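So you can see what is in the structure, the chains are spelled out below.
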Amino acid sequence: MPATESTWRNQKLLHIVFGVSALAMLVGTIWMFAADHRREWKTYQGKFRSIEAWSAQARLSQSETEQYEREVADAHDALEKAQQSVPAAELVNAFNDRVRAEAAEKKDAPPANVKPVDDAYIALKDAQPEQRPELRKDFRQTLQKYIDDARFIENNATSEKKFISAELDVVRSEYELGVGNALPQSQLKTMQARVTELRDRVAAANDEMQDAAAYRKDLEQILNGMFADEAAARKRLDELQTQRKQLELALYERENKVMNEVIGLPIIDAFAPKKLDQIWLPNLTINNNFRDVPRFDRCTNCHQGIDRTVAGSAIEPAYPAEKELAISLETPAERPEALDQKPAGGEELAKFYSDQLHAIYGIRLAQRGLIEENEAVISVVRPESLAAKAGLQVGDTILEVGGGKLRGKNQAYNYLIESAQWGQPLAIQIRRGLPHPFASHPRLDLFVGSLSPHTMAGVGCTICHDGQGSATSFKWASHSPNDPLDAERWKQKYGWFDNHHWIFPMYPQRFSESLCLKCHHDVVELQPSARFPEPPAPKLVEGFNLIKDVGCFGCHEINGYDGPNRRIGPDLRAEPNFSPAAQGLLATGGLNEQQQQWAKKIIAEPDQAAPRHSLMQSLNDAEELPGDPMTTRRLVNVLADVETPGRLRKVGPSLRHVASKLDFEFLYSWIREPKDFRPSTKMPQFFGLWDALDPHSLDVSKKFEPAEIRGMTEFLLSGSQPFEYIEPAQGAEAASAERGKLAFEVRCLACHKQEAFPQAAMNQGPDLSRLGSKLGADRNPNGPKWLYTWLKNPSAYHPRTVMPNMILDPVKGTDGKTTDPAADIAAFLLESKGWEPTNIPGRDLTKDEDAALNELALEHLQNAFSKRQAEEFLKTGIPERMRADLKGDEIELVGDITVEKKLRYVGRRSISKYGCSGCHDIPNFEDVKPIGTGLADWARKTPDKLAFEQIVEYMKHGHGTPGALHMADADHGDVAQEDKGIEEAETAGTHHSFNFLNMPPEVGYFMEKLVAHQREGFIWQKLREPRSYDFEKTRNKSYNERLRMPQFTVLDDAQRESVITFVLGLVAEPPASQYIFKGDERRRAIIAGNEVIEKYNCTGCHTIEMEQWDLEFAPETFGESAEMVDFNFLKPHFTPQQIEASTKVNDRGMQTARIVGMPAVNAEGQPVRIDEDGAPIEADDTETPASYVFTPWENVLLGGNVWQEGLQNVIIPESAIKKRYEPVGGYLARLAYPTVVAEEQKINPNAKPDEAWGWLPPPLKGEGRKVQTEWLHSFLMDPHEIRPAAVLRMPKFNMSSEEATKLVNYFAAVDGVDYPYDFDPRTRQAHLAAAESEHPQRMADALKIVTDNNFCIKCHLLGDFAPTGANSAKAPQLTEVSRRLRPDYVLDWVANPKRILPYTGMPVNIPADKPVSQELFKGDSMQQLEGVVDLLLNYGKFTESQLSIKPMIKSPPPAETPQPQDAAQ
Amino acid sequence: MIMTTRFAFASTLLAAAATFAGCGQAASPPPSAPDKAEAPQIDQGEETAPAADQSSAGVTRPVVEVRTAAADGEWGTLKGRIVFDGKAPAPMPVDTSKDAACKATVTTENLLVSPDGGLQNAVIMLRTKSPKVHPDYEKTANDEVVLDNKDCRFEPHVQVVRLSQTLMLKNSDPTGHNSNITPILGTPINPVLAAGGEPVPYKFTAEEAIPVKVGCNIHPWMGAYIVARKDPYAAVTDKDGNFVIESLPAGKELEFRLWQENAGYLKNAAFKGGKADARGTFKFKIKPGDNDLGDIKVPASVFKK
C-alpha cells in the first residue's frame, strides 16, 4: 500500500481526545489536591494550631497583668534597695584584715595600705541613698583593685614556677646524662646540688602560688558576700525577663511566622507541619481475623490537644472538655464616671470599651474567638478583680449575660457595660473548655500524660478505647455514640454510621472504663490510692464489687485462667467446696477420731492441703465408706485437688443447719419473695416473674411455683443437719435491749443496718431490722437460741462466713454485776418486729396442691424414666434395688412413696434447677457446678450466640416499657393476647415503632442496642427482666425448660450499668505480658492486702487513709507557722526544692498544697467550722464564711512554711478547698463517735470529745511502721485486748493465715518498711552492752522513770501492775511493747506522741529541753528517752536478768564426802 | 561602731524617760492622753522595768481608784450577774479511785449554780476588735498567771490569760499530773507535771475566740478553761454569778459574748434592755462610770442535761 498523508486516526479527533483527557486529568489532579487539602484531620490540625496560638497569646497577656508587673516591680525594688545598701562593716573589716594579714606575712614588704578601702566605704556610707549606686561601683572597683593585684602576684608566681620548673627539667636531664656518661663524682655532686636547689625553689614557688591563689579567692569571696543581695535581686529580674521571653518566643513560633500561612496552603500542606502521625505499637497487637498485627493509632491527628497540660503541671489538662457554667458577676455599686467620656465611634470606641471592661471587671476580650471567629472569649483576668472573684478564667466564652444570648463580641460590651444594673450582680452563662476533638484527656495523671502510667507513645489509644485506630476520619474510626442523641448529631455532622464490619467498635463513654480489664485483672488496683486519690475507674470497680456482693459468680463463673498459669482476665469463681464436703463427711457420723480431726481442720481452714489429703487418702483406703456409700464417695471426690482454685466464698449463708435457725413459714415466705421480709436483700427473686407469660403459661406457673417453693422448704428443713447451740453465760444479769442497743451501735453498724439507726449505711451484712419477726420466740422457739449462738460464734453455724467472732464475752461492770453483751444484743435485735408471713399454705396439702405436686414430680421424673415408669414410681416409689443405678435427685423417691418424699424430690430438683447451691452451702449439693454460662469472654461473644428470641416483640407489647419494671403489675397476663393481632400487622419485621430519641438517653441507648441485637442491649434487659426472653416461647417449652435466671431486685439502674461495664470488659484478650499490670513487689502486696481488706470490711471500722484536701490559696493565706521546741530527730525535713515548689503560684496566681489528716470535729462528730475570729459556727449557719480547723497527720508545706503533723492546726478557709478526698475507711469510728462521747460525758462531763477517737477502732495510718510483722500476724489470727480504754474489741476474723500474711505485708508495704522480717538493732546485745558501758545500771535507771509515780505507770499497765480507776484512762500493757512495736516507732512515740496520733491523751514525759529528774536517770533528755525506749524493747531480757535461776536449783547431795571440811561449811 | 553604741545609749535614756512620764500619768488620774501612755512600749529595755515597778510600789492602787478614773468620762465599768433561769442539777461526785493521792470528794464543775441561781464560771468577753486599753492594765501585762493542779482539780477552773502573760502550769499535789492544752489556733502542749517539779511555762500564740480547754489525761475528770485574749477585757463570774470588767473604753457601742462550758454560747441570755443572739453576743454602749446590766438570765434549755 502506497504511503499516503492520511493517518490511521483522525488527527483532529485525537487532539480533542487528548485535550479533553488532559483537562480531565488536570481537573482530577486539582480535585485530588483539593480533597487532600480538605481532609478532616487537616482542618482540625489547622484549628488546633490557632487555638494553641491563642492560648499562648492569652498566657502572654495574662503575664502582662498587674500580677506579673508587680513581680517585676518587686524585683526592681529589691535590686534598687540592694544597690542603695551599704555592705556590712564586718565584711569590710574582714577584707582589710585579710589584706593586712597577707602583707604582714611577707617580710620586707611595707604594711598594707587599706586606706582607699576605708575612704571609699566611708564615702559610700555617708552618701545619700540615691548616690550610692555609683559609689558602690567605685567601692567595688577599689576592692577589685586589691583582687587584681592579688591576681597579678598569683600570675607572677605561676610563671616563676614555670620557669624554675623548666630549668629544673634541664638540669635534671643534664645530671642524668652525666650519670650515663660517667662524669666524675665531684661534677655530679655539684650538679646534684643544683638539682636539689632548684627543686626547693620549685616547691617554694609552688607554695607562693598557692598562697597567692588562696588570698585572691578569699578576697573574692568576701567581695561576693558584700554584693550578694544585689546579685540575687539581679538574678530574679533576669529570671522574670527570661520567662517573658519564653512566652514571646512560643507565640512567635506559633503565630507570627508568615511561614505558617504558607505551609498551610494546599499541596504544600501535605508536608510539614500538617502531617499524618501515628503511634506504632508492634507489641500491642490487634487481632485482624486470626492474625495478630501491630496496632497503628492515628487518633492524635485529630485529637491534637489530648496530651496538653497547663504550664507547670504534668497532669492538669490544658484544654478541659467543654461544659457550661452559670456565674454571678458582681457589678460596682455606682456607675463608673469614666463611662461619660465615651468617644464617638470607630476604633477608639472599641478600645474604650475594652479598657472599660478591664477597668470595671478586670477582664479583656480576645480579638477573635476560639472556635467561632466572633465569640466573646476572655483573654485576660486581672487578679482580685470582680471577674476573678466571680471565678471567671482566661479562655471562658461568654454565652449569655442576664439571660440575653450573645451574638458576637460587641454585644458583650453592651450587656456588660451599657445595660448593666449597677450594684446588682449579673447572671452570666459561660462555656469553659474546648469541644472534641481539641479537648485534652480528662485524666492526664493516668493516661497519655508523660508522667502517667499509660504514656501516649507506650500504649496509644485503641488498646483502651477500641475502635479503628488506623482511620483518619470520624466516621471510619468507629466512634460509638453514648446515646441516641449523640448518634443523631454525629450522623448529621460527620456522616457517622454504625460500621458493622469493624468488630472492635470504640466503647461509648459510658463504658470507657470497661477495657481496663484487659490488663488490670485483679481490679482492686483500680481503686483510689495514695498516688491516684481520684478514683481511676469507679464504675468498673463498682461493677466488680457488685458481682462479688450479689454473687453473680455463683452461677456464672468468670474464669480468669486459660490453663493453669495463663491469665486472661479477672478471676471470679467460688472456692472449692472443701469445707462443706468435710462437714458432710463429719455428719455421716462414721468417721474415726483421727478422721474427725482432719475433717474439722478442713472445715476451719480449707486452704490447708495436708489434712485434706490425709482424710481423702484414709477414706479411699477404707474398706467401707461411712454413711450412704454413694453420697460419701461423692463427698470424698470433692476433696480432690483443684487446678487454680477459685477464691471467693459463696455469698449466701450456709443452709446446712437451717432447721436450727428458721421455721417453715419464714423459709417458705423467704424463698417465695425474699424482699418481702427484707427489702434490701441481695437474694434475688426467683418466683412470680410472670410478665412475659401468656395466660396458659401463667396458669402453669401459678400451679407449679408453690409446689416448688414448698418442696424446697421441705427439702431444706428435713435435710438440715443437727446443730449445737451455745448456752448463755451463767450468772449474768438479765438481758437488756437498752444495753444491747448501745453494744450493737458501737460494733455491728460497721457492717449492718438496723431500723433504730437510720444514719447507718453499710451493707456488708444484711439489714437487721425486724429480726424479731424472723427469730423471735413466738415465731420460732429456736430463733433466740440460734441468734445468741450466732452472735457468740458465727463460724459454728457457717464456717465460711465473713462475719467475725465479736468476742462478746461477759463483762464485769464497776458495780460488780456481770452482763452478757451477746444476750443484750440479741434482746435488742429481737425487739424489732413488724412483719408477718402471709399466704403461707397449711402443712397438709390440699387436693389441688397434691395434684400439682404429682404433676411436677412426673415432669421431672420423665427426664430419667419413661412416662409409664415415672407414673408408676410416683405411685409406689422407686424400688430399693434400683438405688445403685440412680444418679441424681431421684434417690429421694426410693422406698415407699410419701408426700414428704415427693416434696423432697421436687424440692431437690428445684434447687438443682435454680442453682441455689451457687450461693448457699446445701447438703447433697457439695459437688454441684455453677449452672450459668461462663462470662470470661462474654464481651467478645458474637451476638448471634445470644438468644434474643422475641425480645423486640416483648418490648413493643407494652411490658417492656423502658424504664419500668413490671414485677407488681397485677394485670400482666392478658395484655399480650388482646393486642396481638393488631401489633403484628402493624410492625411486623420493622423496628421503627421505637423512637429512641424520645426515651431518656440511658434507656434509649440500651433500647437501640437491644433492638439492633447487640450485646449491650441483651445484658441490659437480661438484668432488668431476665425472664422476658421467654416471651412467646413458653407455650412450646415444658415448665422445666423455661428460663431460670432470677431478678436481682437489689440493683438499681446505675448499679446494673456498672455490672454491664464490668462484663463488657471481659474480652479475654490479654495483651503481651509486659502490658499486663503487675506492679512492683510492694504494689503487689498492697493490692493483695486490699483484697483482704475488702473481703472482711476492715475499713468498716478502721481508717486506712486519712482525709486529703487539695488546697488552692492566695499567697500569705496561712502566714507563718509557730516555732516549737522538740527533739531534733522529730523535726520535719523538706528539701529547698520542695520548699520552693510550695511557694510557686499557678496560672491563677494561687499556691497549691495537699494536706493529709482530719478536720477537728465537735462532740456531735461534725467538722468544726469557725468564723474569722475563730469562734465556732452553728451547723445551720451557711451564711458566715467558714474555715475548717484541720489537724495535719503529715507535715505539710503551705506557701513555704512547714506545719507540723499533729501539733499545728491549720485554719483552712472554705474557699481554699479545691477538692476533698474522703478518708478511706473508719466508718464505724465516725458513726459511733458522738454516741461514745455522749456516754462518757454522762459519767464524766469533763471528758474531752476527741479522746473518744482513742476508744474507737484506731486509724491504721502508719500501722506498718508501728508494729512488728510477726506480732501483727498473730494478732490478726487471734486478737487480744490491747487498749483497756477501747469500747469494743478487735473481732476474730474467719481468715486464713495466708490472708493475715497479706494484711501484714500490706501495711508494711504501704509504709515502705521492711517485711516479712524486720531487724531490730535495739535488742542486740552489742548495742545494749555499749550503752551500758557508758551508763552503768542504765536499764535499772530507765525502769525508775517507768515506774515513777509521775510517768508511765500513771496510766499504763506494766506486768502485774494495773492502775486503778476507770478504763477510759488506762493505757496498754508495757511489757507487750517489745513484742508488738517497732523500735523507731517507740522512740518517736515516747518523744512526742501527738505527732503520731494527734488526738492522743498521752503526754510528753521527757521534754526535749528539760530532762526528768536526774535522781531517776542521770543524763540529758535524749539519753533518758533512749534509755526508756531500750528498756521497753528489752523488757523481757531485763527482767530475766533480775531473776537468778541458779539458787532455785537444788544440787543433789554429793554421794561421797571426800572433803569433810567443805561439807561442814 | 561608736555611732551605734551612742544611739543605743540615747534610746535607752529616751525610753526610760518616756516610761517615767507614762507612769506618772497613770499614777495621777485622769489619764487623758492614752496615746502618749502607749508610747513607751517601744524599745522598753530591761533596765526600765524595775524603774516602773518602783514608781508604783509605794502606791498600791485599789480598784476604786480606777473607778474614779472611769468617772472622768473616758472609761466605764461593766458589771452584772449571770443567772441560771430554772432548776439547775446538782454537781455529781466523781470517781477519784484512780489515785489515792486525790481527795475523795471531788465533784463535777461543769455547771455550778449558787442557791439563788448565780451561774459560776461563766465568761463574758469583749468581741469588738482592738479596743483602746486602759493604761493601768499595762502593769499586769507581763505577769505570770498560775494554773495550779491542787487536790486533783485545776485551780482556778476558768481564768483569763492575756497573750502577753505567761501561764505557769503548776502542780501542788503529791502526785503526777499532765496539762493537755489544745487551743484551736495556737500550739498544743501536753507536758507531764511531776509531783514537786517546777512549773512549766506556756504562752498562747493567738487569741482564741472561745475558751481553751485544759485536761489531765491521768485524771480525766479534771478540767479547766483558759480565756486567751489580746486585750484584758474579759471576766469570769464568781460563785454568785457576779462579774466586773473594769475600765472599758466608754462612749462607743461594744460587742460582748457570753459563754459557759456546759452550754457553749449563752444564747438568748436576757437582761433588762438587751438580749444575746444565737451566738451569745449582745451590743452595749458603755457609759462613763458604772454600767450595771443587772441579772442576765440564761434559759435552762440552753444547757445540756
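Higher on the page you've got the structure.
Residues numbered from 1 in each chain as written. Chains lettered and ligands numbered in written order. Predicted model: local features only at pLDDT ≥ 70, side-chain atom pairs only at ≥ 80, totals over all residues. Heavy atoms only, no water.

Student: How would you explain the overall build of chain A if you had to name every residue and give the values?
Tutor: On a plain count of helices and strands, chain A comes out with 49 helices and 24 strands. In terms of principal-axis extent, the alpha carbons of chain A reach across some 160 × 140 × 95 Å. For chain A, with 1465 residues in total, the buried portion stands at 48%. For chain A, long-range pairs separated by at least 24 residues make up 71% of all intrachain contacts whose partners lie at least 6 apart in sequence. Summed over its atoms, the accessible surface of chain A is roughly 72700 Å², and 53% of this surface lies on carbon and sulfur atoms. Across chain A, 170 positive and 213 negative side-chain charges occur, with their mean positions spaced 3 Å apart. (Helix = DSSP H or I, 4+ residues; strand = E, 2+ residues; numbered from the N terminus. Buried < 20%, exposed > 50% of the residue type's maximum accessible area, 1.4 Å probe, protein only. Contact = heavy atoms within 4.5 Å. Areas by Shrake-Rupley, 256 points an atom, 1.4 Å probe, with all protein chains shown as cover. Lys, Arg positive; Asp, Glu negative; His and termini not counted. Charge placed at Lys NZ, Arg CZ, Asp CG, Glu CD.)

Student: Break down the pairing of strand β17 (residues 1151–1159) of chain A for me, with residues and values.
Tutor: Residues and elements named next belong to chain A. Most of β17 sits inside the fold, with seven of its nine residues counted as buried. Pairing of strand β16 (residues 1107–1113) with β17, which is carried by seven bridges, proceeds in the antiparallel orientation. Opposite glutamate 1112, over in β17, you have threonine 1152 as the bridge partner. Sheet topology note: the β17/strand β19 (residues 1187–1192) ladder contains three bridges and is antiparallel. Across the sheet, methionine 1158 pairs through a bridge with threonine 1191, a residue of β19. (Pairing = 2+ DSSP bridges.)

Student: Before we move on, can you summarise the sheet that holds strand β3 (residues 144–150) of chain B with the specific residues and values?
Tutor: Residue and element names in this part refer to chain B. Taken together, four strands build an open sheet; the order of strands is β4-β3-β6-β10 and the sheet is mixed. Every other strand in the sheet has two partners, leaving β4 (153–155) and β10 (200–202) as the edge strands with one partner each. Pairwise comparison of adjacent strand axes, ignoring direction, gives a mean angle of 25° for this sheet. Inspection of the sheet shows strand β6 (residues 166–171) paired to β10 by three bridges, in the antiparallel sense. By the bridge assignment for β10, methionine 168 is matched with proline 201. (Axes fitted to C-alpha atoms, helices over the stretch in contact; angles between N-to-C directions.)

Student: Requested: an account of a nonpolar patch on the surface, with residues and values cited.
Tutor: A cluster of nonpolar residues, Leu1443, Ile1445, Met1448 and Ile1449 of chain A, forms a patch on the protein surface that exposes about 410 Å² of accessible area. Among the structural elements, isoleucine 1445 of chain A can be located in the loop between α48 (1435–1442) and α49 (1460–1464). (Patch = residues over 30% accessible without salt bridge, like charges linked within 9 Å, V, L, I, M, F, W, Y side chains within 5 Å. Salt bridge = Lys/Arg side-chain N within 4 Å of Asp/Glu carboxyl O.)

Student: Which residues make up the interface of chain B and chain A, and what are the values?
Tutor: Contacts between the two partners involve 43 residues from chain B, matched on the other side by 42 residues from chain A. When the two sides are added together, the surface that chain B and chain A hide from each other amounts to roughly 3400 Å², 50% of it contributed by carbon and sulfur. Contact with chain A buries area across many residues of chain B, yet Lys98, Ile184 and Arg279 of chain B alone supply 18% of it, more than any other trio. Here chain B is connected to chain A by five salt bridges. The residue glutamate 1178 of chain A makes a salt bridge to arginine 279 of chain B at a minimum N-O spacing of 3.7 Å. Taken together, chain B and chain A are joined by 26 residue pairs in polar contact (both at pLDDT 80 or more). Only β9 (192–193) and β11 (212–215) of chain B provide two or more residues apiece to the side of chain B that touches chain A. Residues of the side of chain B that touches chain A, tallied by class, amount to 21 nonpolar, 14 polar and eight charged. (Buried area = accessible area lost by both parts, 1.4 Å probe. Polar contact = N/O pair within 3.5 Å; in protein donor to acceptor, adjacent residues only side chain to side chain. Nonpolar A, V, L, I, M, F, W, Y, C, P; charged D, E, K, R; others polar.)

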